[in-house]
Amino acid sequence: MNRLISGLITSIIVLLIANVAHSKDDYWMAEKLRKSGKYESALIHYKKFIGTSNETKKVLTSYSKTLELSKALGKNKDIPAILSSLERMDKTEFDLRDKEKLAFIYQRYGWEDKTIPILNEILLTEGSNNFSDVKSMVRAAKRLFKIYKDDKEKSRMIYETLNQQFWKNAYTVKDLYDFAILEINYGFEKNGLGHLRYIVEEYPMEDVSKKAFFILAEKAQASKDYDAAINYYSTYIERYSSNTFFVQKAYQRLVDCYLLIGEKNLSKDIMKQVVDFINGTLDYRSPLNLAMDLKFKNMDKLAETTFTVGYYRAKNIINDKPGTYDALKAYLEIQRAAHALGKNEIVEQAAIATLRDFNKLEGNDKLNENVKFIKSQAYLWLARVYKEH
């Protein structure tokens with residue numbers, strides 16, 4: 001009798017292991033078929049996996065893919081039944097990321113009345129040491145803000161709940177930055193700017209601090225608080241001098257602020273610093289972009305000098321990498337800047353070279369669309385030049 005029972009148990013275990021292995025095979029087969037465009041066959045394997053597996057995350061993904069494929073195949077009548085099956089799924093092992101994904105699925109397929117309670121549940125999370133949970137909370141709040149975009153009272157309640165719960169969970173500086181951006185974008189700008197100021201003061205060398213500085217400067221400039229904007233831009237230049245692209249932008253915005261408060265001589269002095277800074281870099285885009293900005297500000301002499309630096313650097317790229325995508329991009333930037341400075345002969349030469357020398361790149365599928373776009377721009381630049389003459 002004991003041998004019989006032992007044999008039955010062994011057989012059951014073997015069957016269970018086989019079923020689990022077969023279930024996993026269904027999932028990977030479904031993925032393979034979906035990626036190869038065999039949607040009907042992929043659907044069959046996703047459904048088999050849903051019916052036999054207890055792997056929560058993969059089952060949830062399979063429901064999502066089943067809905068996507070059903071829609072793609074025009075089987076919209078099947079969607080309510082799939083959603084009902086999903087609703088009956090055992091959710092006891094769901095973490096916040098799973099709940100967030102479930103809410104997204106419901107919302108995407110029109111079940112907003114079931115979406116909102118899940119998002120609210122996520123928003124009420126507290127005491128979590130999992131850094132990913134607070135990210136789910138911020139994303140859930142963002143979805144709720146969008147749902148209630150025309151309801152100020154609801155938006156206020158969502159914000160108050162998030163503002164209470166956020167601090168009760170583990171979070172990173174990046175999470176705090178994302179929270180601040182959410183505040184700024186959805187009607188709570190004063191608080192958001194306060195959080196950005198905290199970030200730049202307490203975490204000055206974090207990547208998000210660089211972004212926070214620039215946002216604070218732009219907001220100050222937009223509100224005509226030019227003294228604050230000048231302080232932010234100046235500090236950015238001093239603190240993050242290696243970040244060439246944004247330092248250039250900060251310099252240019254600094255000049256704008258000085259011009260707006262009537263300090264024309266000072267703005268010209270700073271612009272000379274910008275030129276020296278940009279001319280000390282190695283790329284060609286920065287001086288070409290700066291030359292256009294200088295021309296716009298009627299600083300023609302500085303514009304000419306800066307354009308020359310960028311032009312010869314771009315030509316070096318073209319000569320060092322003939323017939324390459326890098327050379328093609330350099331020609332595009334030359335055309336833009338040269339036209340802004342009225343150098344139509346250079347525009348014409350660069351456009352003709354673009355159309356003449358880069359046909360062979362079109363064989364590369366990855367670059368094909370970009371190459372076509374750049375060549376279409378060359379035609380437009382030529383048309384402008386010929387029209388102006």
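Since we're looking at a predicted model, the values are computed, not measured.

## Considerations on the overall build of the protein chain
Tallying secondary structure elements over the protein chain gives 19 helices and zero strands in all. Residues classed as buried in the protein chain amount to 44% of the 389 residues present. Counted over contacts in the protein chain with a minimum sequence separation of 6, partners at least 24 positions apart contribute 55%. In the structure as shown, the protein chain presents an accessible area of about 21800 Å², 52% of it carried by carbon and sulfur atoms.

## With respect to the packing of aromatic side chains
In this description, an aromatic ring pair is defined by two values, namely the gap between the centres and the angle between the planes. Applying the stated criterion across every chain yields a total of 22 aromatic pairs. Plain terms: the ring middles of Tyr-27 and Tyr-46 are 6.4 Å apart, the flat faces sit at 75 degrees to each other, and that makes the pair edge-to-face. You can see Tyr-27 sitting in helix H1 (residues 2-35) and its partner Tyr-46 sitting in helix H2 (residues 39-52), a full 19 residues away along the chain. By the burial criterion, Tyr-27 is buried, and Tyr-46 matches it. Seen from their ring centres, Phe-145 and Tyr-186 are 5.0 Å apart, and the 10 degrees between their planes marks the pair as stacked. Of the two residues, Phe-145 sits in helix H7 (residues 131-147) while Tyr-186 sits in the loop between helix H9 (173-185) and helix H10 (189-202), which places them 41 residues apart along the sequence. Sitting above the plane of the Trp-381 ring, Arg-384 keeps its charged end 4.4 Å from the centroid.

## Re the environment of Gln-349
Relative to the elements of secondary structure, Gln-349 occurs in helix H18 (residues 344-357). Relative accessible area serves as the criterion here: at 44%, Gln-349 is assigned to the partly exposed category. Between the alpha carbons of Gln-349 and Gln-335 there is a distance of 8.8 Å; along the sequence they are 14 residues apart.

## Here we look at helix H17 (residues 325-340)
Compared with an ideal rise of 1.5 Å per residue, which puts 16 residues at 22 Å, H17 spans 23 Å between its outermost C-alpha atoms and is within 8% of the ideal. Residues Tyr-325, Ala-327, Leu-328, Ala-330, Tyr-331, Leu-332, Glu-333, Ile-334, Gln-335, Ala-337, Ala-338 and His-339 constitute the buried set of H17. Among the residues trailing H17, Gly-342 stands out with phi positive, at a value near 75 degrees.

## Observations regarding the nonpolar core
Counting residues in each nonpolar core, the largest one holds 78 residues, and the members touching the most others are Leu-83, Leu-86, Leu-196 and Tyr-233. Grouped together as the second largest cluster of nonpolar side chains are 32 residues, Phe-307, Ala-353, Ile-374 and Trp-381 included.

Calculation notes
- Counting restarts for each chain: residues are numbered from 1 in the order of the written sequence.
- For this predicted model, a pLDDT threshold of at least 70 governs which residues receive local features, and a threshold of 80 or more governs which side-chain atom pairs are given and counted, while totals over whole chains, interfaces and linings are taken from all residues.
- Calculated side-chain values reflect all of the structure's heavy atoms, with hydrogen atoms and water omitted.
- Helix numbers and strand numbers start at the N terminus; a helix is a DSSP run of H or I with at least 4 residues, a strand a run of E with at least 2.
- Working definition: with a 1.4 Å probe on protein chains only, accessible area under 20% of the residue-type maximum means buried, over 50% means exposed, and in between means partly exposed.
- Contact criterion: two residues are considered in contact whenever any of their non-hydrogen atoms come within 4.5 Å of each other.
- For every accessible area listed, the method is Shrake-Rupley and the probe measures 1.4 Å; residues are considered covered only by the protein chains on display.
- Each pair of aromatic rings taken from Phe, Tyr and Trp, with Trp reduced to its six-membered ring, is defined by centres within 6.5 Å and is described as stacked if the planes are under 30 degrees apart, edge-to-face if over 60, and tilted in the remaining cases.
- The criterion for a charge sitting over a ring is simple: Lys NZ or Arg CZ within 6 Å of the ring centre, and within 35 degrees of the ring normal.
- Expected helix span is computed as 1.5 Å times (number of residues minus one).
- We call a set of buried residues a nonpolar core when its members are Ala, Val, Leu, Ile, Met, Phe, Trp, Tyr or Cys and they connect through side-chain atoms within 4.5 Å of each other.

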